[in-house]
Amino acid sequence: MLDAEVVIVGAGAAGLSLAHRLARTAPDCRAPSVVLVDAPPGPLRPPRRTWCFWEEGAGRFDAAVTATWRHLRVRPPGGPALEEDITPLRYKMIRSDDFEQLVAHDLAAAPAVRRLEATVDAVEDVAGGALVHLRDGGGRTRALWARWVFDSRPPGSLPAARTTLLQHFHGWFVRTDRPVFDSRTADLMDFRTPQPADGLSFGYVLPVGRRDALVEYTEFSRRPLTADGYESAVRQYTEEVLRLGELRVLSTETGVIPMTDAAIPRQVGACVFRIGAAGGATRPSTGYTFAGIQRQTSAVAAALLRGRTPVPPPAHSARSRAMDAVLLRALDSGRADGPALFSRLFARVSVRRLLRFLDGRTRLHEDLAVGLHAPIGLMLRSALDLSVLPRRPFDGP
């Protein structure tokens, strides 16, 4: 049997972020012993991802940032584009491979952190801690005792909710034959895509040069598309909407992010906790997760280093989650025209304030001011729905 003060299960964004924070402690602070358990190569390992977030000034992971933008643009279904300088904020993109390399480099210099490649079969509460039951690549089993366990693996199913939508997307990293992108500006939402019968869709363009960009097709709906459906949607967007001309697809990414008003449990045992998307770090109304992970793992690391019970805090305030529940209900019920709603908000509220709102850093009066620019009647009806809607298990994939 091995042992450690802290075991982190999963080496995705949340697991790596927490390990990084525990490895880089102040010189006069004793770092806890940590084992980071990563799944062997295969279906249990997180796929390559691109994470985006906004922050002011230099950040903890800037060495892994692929590109930044200070101009964001939203394109309504018709009419002129809405563009704004978000200074002093910067919109940042990190690719998971670069993030992993940065964290691995720093962990290699941290003697308190060990990395282990194994499949976790179960996590069991025991007196004074937890047992993590492991299986290595050769099929041998063993147990790892820990005082605290932080599990970042996706749960097998979603908790019961009044509303659950999926944000699902497929993107191409492209290189065009001619310079067609404005590398200073990121397109956050481009609603010139064909809209599905249920839900909404938009394009997303992150240029990293005049000829290179990540171009994605995204939907908010109850069901993902087929592989052919995604390919067709991205091709239609690049050819008919963006008119990029000849291009090469350098790589692709596909993902599904639950957007739910379910109560996500963060503590699942006396000494076992969930972090990251598994612990509610995803913002229900947008799918953004990376910033929530950093808030959550920062608080956990601080609690551990101070000898406190390290229960992960909610990544988003109760007020933010309540407002998100109303928005999700408005979209899922079909009352809200998604492209019109989001375009209206970006037209009437500064992007800087909207980003602060999405980060949960606005005060109550600012939240109300943002809400007044949404269709008040349909939002009120959606809020009334929530008082009588039962919570049901999600029946989708």
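Higher on the page you've got the structure.
These numbers come from a predicted model, not from an experiment.

(A) Quick peek at the sheet that holds strand β14 (residues 200–207). If you walk across this open sheet you meet the 7 strands as β6-β5-β13-β14-β15-β12-β16, and the pairing is mixed. Lying at the two open borders of the sheet, with one neighbouring strand each, are β6 (82–85) and β16 (247–260). When strand polarity is set aside, the average angle formed by the axes of neighbouring strands in this sheet is 15°. In the sheet, strand β12 (residues 164–176) pairs with β16 via 13 bridges, with the strands oriented antiparallel. By the bridge assignment, H170 is partnered in β16 with T254.

(B) Region of interest: the environment of V215. Following the sequence through the fold, V215 ends up in strand β15 (residues 212–221). According to the relative accessible area criterion, V215 is buried, its value standing at 0%. Along the sequence, V215 and F273 sit 58 residues apart, while their C-alpha atoms lie 35 Å from each other. Among all residues touching V215, those that are not within four sequence positions of it are H170, G171, W172, V174, F181, Y204, V205, V234, Y237, T238, L242 and L244.

(C) Summary view of the nonpolar core. If you look at the biggest cluster of nonpolar residues, it comprises 45 residues, and the most contacted ones within it are L72, Y91, L206 and M379. Considering each element in turn, this core owes the most residues, 6 residues, to helix α5 (residues 318–332). Discounting chain neighbours no more than four positions away, the residues touching M379 are V326, L327, A330, L341 and A374. I8, F273, V300 and A301 belong to the second-largest nonpolar core, a separate cluster that totals 36 residues.

(D) Spatial organisation of the sheet that holds strand β3 (residues 50–56). Across the sheet, 3 strands lie side by side as β3-β7-β4; this open sheet has antiparallel pairing. Only two strands of the sheet have a single partner each, and these edge strands are β3 and β4 (65–69). Pairs of neighbouring strands in the sheet enclose a mean axial angle of 25°, with direction left out of account. By the bridge criterion, 4 bridges tie β4 to strand β7 (residues 89–95) in an arrangement that is antiparallel. From the neighbouring strand, T68 faces β7, where its bridge partner is K92.

(E) Expanded view of unusual backbone geometry. Backbone torsion omega between T87 and P88 reads 15°, so that peptide bond is classified as cis. Here P88 is to be found in the loop between β6 and β7. Residue R243 is not a glycine yet carries a positive backbone phi of 55°. Locating R243 in the fold gives a position in the loop between α3 (227–241) and β16.

(F) Molecular detail of the pattern of salt bridges. Overall, the coordinates contain 29 salt bridges when judged by the stated rule. Note that R45 and D38 form a salt bridge whose closest N and O atoms lie 3.4 Å from each other. Look at R45 and you get partly exposed, because its relative accessible area is 28%. For D38, a relative accessible area of 13% puts it in the buried group. One network of salt bridges, in which partners are shared, links D38, R45, R115 and E117.

(G) A look at the packing of helix α1 (residues 13–23) against helix α4 (residues 290–305). With their axes 9 Å apart at the nearest point, α1 and α4 run at an angle of 40° to one another. Considering the relative orientation of α1 and α4, their crossing is right-handed. Contact residues: α1 offers A13, A14, S17, L18, R21 and L22, while α4 offers F290, I293, Q294, T297, S298, V300, A301 and L304. Residues that form the contact of α1 with α4 fall into these classes: 9 nonpolar, 4 polar and 1 charged.

(H) Geometry of the environment of S320. Counting through the fold element by element, S320 comes out in helix α5. At a separation of 2.9 Å, a polar atom in the side chain of S320 contacts the side chain of S317.

(I) Seen up close, helix α8 (residues 364–371). Taken residue by residue, α8 has E366, D367 and V370 as its buried positions. What you see down the axis of α8 is that its buried residues fit within an arc of 100°, all on one side. Opposite its buried face, α8 presents the exposed residues H365 and L368, each directed more than 90 degrees away. Turning to α8, the residues buried within the fold contact α5, α6 (338–348) and α7 (351–358).

(J) Representation of the packing of α7 against α8. Where α7 meets α8, the closest approach of the two axes is 11 Å, and the angle between their N-to-C directions is 120°. In terms of orientation, α7 lies oblique with respect to α8. Between α7 and α8 lies a crossing of left-handed hand. Contacts between α7 and α8 involve R353, L354, R356 and F357 from the first element and E366, D367, A369 and V370 from the second. Residues that form the contact of α7 with α8 fall into these classes: 4 nonpolar, no polar and 4 charged.

Each value, and the rule that gives it
- Along each chain, the written sequence defines residue order, and numbers are assigned to residues from 1.
- Totals for whole chains, interfaces and linings use every residue, but because this is a predicted model, local features are given only for residues with pLDDT of at least 70 and side-chain atom pairs only at 80 or more, for both listing and counting.
- Only hydrogens and water are set aside; all other atoms, that is, all heavy atoms of the structure, feed into the side-chain values.
- DSSP-based pairing: two strands are paired if at least 2 bridges between them are found.
- The way it works is that DSSP assigns letters per residue, a run of H or I at least four long becomes a helix, a run of E at least two long becomes a strand, and they are numbered from the N terminus.
- Axis lines are fitted through C-alpha atoms, for helices just across the contact stretch, and the angle between N-to-C directions can take any value from 0 to 180 degrees.
- Exposed residues in this analysis have more than 50% of their type's maximum accessible area, buried residues have under 20%, and partly exposed residues fall in between, with area computed by a 1.4 Å probe over protein chains only.
- Any two residues whose heavy atoms approach within 4.5 Å are treated as being in contact.
- By convention a nonpolar core is built from buried Ala, Val, Leu, Ile, Met, Phe, Trp, Tyr and Cys residues, the set being connected through side-chain atoms within 4.5 Å.
- Salt bridge, as used here: a side-chain nitrogen of Lys or Arg that lies within 4 Å of a carboxyl oxygen of Asp or Glu.
- For any helix crossing, the convention is left-handed if the near helix is rotated counterclockwise from the far helix by under a right angle, and right-handed if that rotation is clockwise.
- Each residue receives one of three labels: charged for Asp, Glu, Lys and Arg, nonpolar for Ala, Val, Leu, Ile, Met, Phe, Trp, Tyr, Cys and Pro, and polar for the others, Gly being one of them.
- Whenever two N or O atoms come within 3.5 Å, that pair is a polar contact, provided that in protein one can donate a hydrogen and the other can accept it, and provided that, for residues adjacent in sequence, both atoms are side-chain atoms.
- The arc under discussion is defined with respect to the helix axis, by the directions toward the C-beta atoms.
- What sets the label is the angle itself: under 35 degrees gives roughly parallel, over 145 gives roughly antiparallel, 65 to 115 gives roughly perpendicular, and the rest give oblique.

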